[in-house]
Structures are given as C-alpha cells and as structure tokens.
Amino acid sequence: MLGALLTTILWATPTRAGDEYNGSNFPIPEHTAVYEVLRRGSSIGKLHVRLERDGDRFHYSTESEATSTLARMLRASADEAAEFQFTSDGLKPSRYEQSTRFPGRNRFWEADFDWEASAARGEDHNGELDVELTESTLDPLTLRLALALAMAREDLAADEYSFDVLERNEVETQSFRNRGYFNINLPAGCLGAWQMERIREGSDRVFNSWHAPDFHFMPVRILQERDGRQDLDIRLIETSLLEAPEQCD
C-alpha cells in the first residue's frame, strides 16, 4: 500500500530561549510535491503531497492519482492525511487518517491523539481502536518529517535513527540505517541524497528511501522490495521547493 510507504524529535535549527513554538520555527517550508509510482517497473500512478500551515497547526497529506488504464478502471487509490503541531517536545500528531481502496478490498484506519490521556482513539475496518502512546509516538506521515528533522539536526552524525510509530492498533519501533550518500537521477533531475534502509520488525518487505539535503532531507525516492525483486518505486517528479539539474555528471 502506498500509505504504508509514505516512515524524541528535535529541530534542524536552534530555537532561542523565550521563542514560542507556534509553528513559526518549523524548519520545513509549506510545499507541494508530485511523485511517480511504478509497480514492478510499470508506471501506475502519481502521488500528490502537500504540507500546509494553519495557525499553530500543520496539515500533511498524500493523495494518489491512477494513471494506468488498469488502475483507473479498478479505481484503486491510497490516501493519507495527518494534522500535527510543532512544540517544545517536537512533533505532536493530533489526528491521522489512512485509506486504501481496491476492488473487493477497502481498508482504512483513523485515530485522534489524546496526549493528556496518552492514548490514540479511533477506528479501522475491523472496529474501534484504543492504543496507549509513548511520549514521542508519531503517525506514519509525521514519521517522514521527523526523520528529515533528525537527519538535518544531526548532520548525518548518527548511523541509525529510531522512532515510535502508531501503526493502526499498536505502537511499534521503526529504525532507519544510513547506507551512504549517492547522486541519483530522478524525473525531478539529479539530486544528491542519503540512502536510508528502514528496519521494521516482522516485515517481509525491504524498504529503502533516499533523502536530499536540498529537499530538507525529505524523501526523493522510496523503494519497496519483496522476495528480492522491486515491488513499488516512488520517485520525485517535481516540488515547489527546488529545481535540480537535468542529469547527474
């Protein structure tokens, strides 16, 4: 599922004593981005990503667009939306929604984060959800931003990053291991990016993502492999935040 791909946080730039954490210090600008989605080498759609600020809250969302004839006929889609705040404790999710729709297989889950009660409450296609949270629990979308902030703050001094992530009916630890820096050719152009391998207990899939400093360390490519073969490949086409050279040297 595209929603599953799109993975104690501090900030990339120091905040002066006395500054208010009302969103004005959030290092990643509001933006839009478009990715192409390939399944086993064939283009099947696009993924539209948007980060918006509304007062002291942020909205982060992904919306899929089917482009292949088969995907359009099946009306397949996978969308996510998250709302969060940026506080002195880092990123604090307040709501998350995920839905995937395929013929005969519609799945969804949604949850509101109650930080006073340290619980996430909502529902999925099987019923109600009520999950105990840790102080630093993220949702699958704010995880992407949290990793970007951590990479920028550490200046890649760390070899591995770990996060608590709400995955529907449980909080699990997800880690990212640094695999090095590479120049990669993408539809968006040539970008230098750090390759991170996601370590997720109990998963039979291998996830790698590439994070470009010029794109505030957010992913420019996400690759999922299963049984030694490429399954899903999501690659940046364009974003309002940068323009890259056409080809790597």
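Residues numbered from 1 in each chain as written. Predicted model: local features only at pLDDT ≥ 70, side-chain atom pairs only at ≥ 80, totals over all residues. Heavy atoms only, no water.

Q: Just checking my understanding: could you explain the nonpolar core for this structure?
A: Across soluble globular proteins, nonpolar side chains have a tendency to be buried as a group. Formed by 57 residues in total, the largest nonpolar core has its most connected members in Phe26, Leu91, Leu145, Phe163, Phe215 and Val220. In terms of residues, this core owes the most to one element, helix α3 (residues 140-154), which gives nine residues. When near neighbours in sequence (up to four residues on either side) are disregarded, Leu91 contacts Phe26, Phe84, Gln85, Phe86, Leu138, Thr142, Leu145, Ala146 and Leu149. (Core = buried A, V, L, I, M, F, W, Y, C linked by side-chain atoms within 4.5 Å. Buried < 20%, exposed > 50% of the residue type's maximum accessible area, 1.4 Å probe, protein only. Helix = DSSP H or I, 4+ residues; strand = E, 2+ residues; numbered from the N terminus. Contact = heavy atoms within 4.5 Å.)

Q: Help me out: how do you make sense of the pairing of strand β7 (residues 119-124) in this one?
A: Each regular strand carries side chains that alternate between the two faces of the sheet. Relative to β7, strand β6 (residues 105-114) runs antiparallel, the two being bridged by six bridges. Residue pairing in the sheet places Asp114 in a bridge with Ala119 of β7. Linkage of β6 to β7, two consecutive antiparallel strands, is achieved through a turn of four residues, within which Ser118 is found at a positive phi near 55°. Judged from the six bridges that link them, β7 and strand β8 (residues 127-132) form a sheet pairing that is antiparallel. Looking at the pairing, Ala120 lines up with Val131 of β8. (Pairing = 2+ DSSP bridges.)

Q: What's the story with the packing of aromatic side chains in this structure? I'm lost.
A: Applying the stated criterion across every chain, the model contains eight aromatic pairs. Aromatic side chains Phe26 and Phe58 sit 4.8 Å apart centroid to centroid with 50° between the ring planes, which places their arrangement in the tilted category. In this pair, Phe26 is assigned in the loop between α1 (2-5) and β1 (31-39) and Phe58 in strand β3 (residues 57-66), connecting sequence segments 32 residues apart. For Phe26, a relative accessible area of 8% gives the class buried. (Phe/Tyr/Trp six-rings, centres within 6.5 Å; stacked < 30°, edge-to-face > 60°.)

Q: Even after reading the chapter, I still don't get the state of the cysteines, so can you show me in this structure?
A: Two cysteines form a disulfide when their sulfur atoms are joined by a covalent bond. Counted according to the given criterion, the structure contains one disulfide. Across the disulfide from Cys190 sits Cys248; the S-S distance is 2.1 Å. Every disulfide takes its handedness from the sign of the S-S torsion; for Cys190 and Cys248 that torsion is 105°, giving right-handed. Here the residue Cys190 occupies a position in strand β11 (residues 189-200), and Cys248 occupies one in the segment after β14 (229-239), the gap between them amounting to 58 residues. (Disulfide = S-S within 2.5 Å.)

Q: Can you walk me through the pattern of salt bridges in this structure?
A: Opposite charge on two side chains allows them to pair when their charged atoms are near. If you walk through the whole model with that rule in mind, you get 15 salt bridges. Measuring nitrogen to oxygen at the nearest pair gives 4.0 Å for the salt bridge that ties Arg50 to Glu52. By sharing partners, the salt bridges in this structure join Arg39, Arg40, Arg226 and Asp231 into a single network. (Salt bridge = Lys/Arg side-chain N within 4 Å of Asp/Glu carboxyl O.)

Q: For this particular structure, what's the right way to read the confidence of the model for the protein?
A: Regions with low pLDDT carry predicted coordinates that are not meant to be interpreted in detail. Of the residues in the protein, 83% reach a pLDDT of 70 or more, and the chain-wide mean stands at 84. Of all the helices and strands in the protein, α1 carries the lowest mean pLDDT, 38, while β7 carries the highest, 96. Here residues 1-22 is modelled with pLDDT under 50, and outside its nearest four sequence neighbours on either side it reaches 64 contacts, counting other chains as well. (pLDDT = per-residue confidence, 0-100.)

Q: Would you mind showing me how to read the side chain of Thr142 here?
A: Checked against the element boundaries, Thr142 lands in helix α3. Residue classification places Thr142 among the buried positions, given a relative accessible area of 0%. Beyond its immediate stretch of four places on either side in the chain, Thr142 contacts Ala82, Phe84, Leu91 and Pro93.

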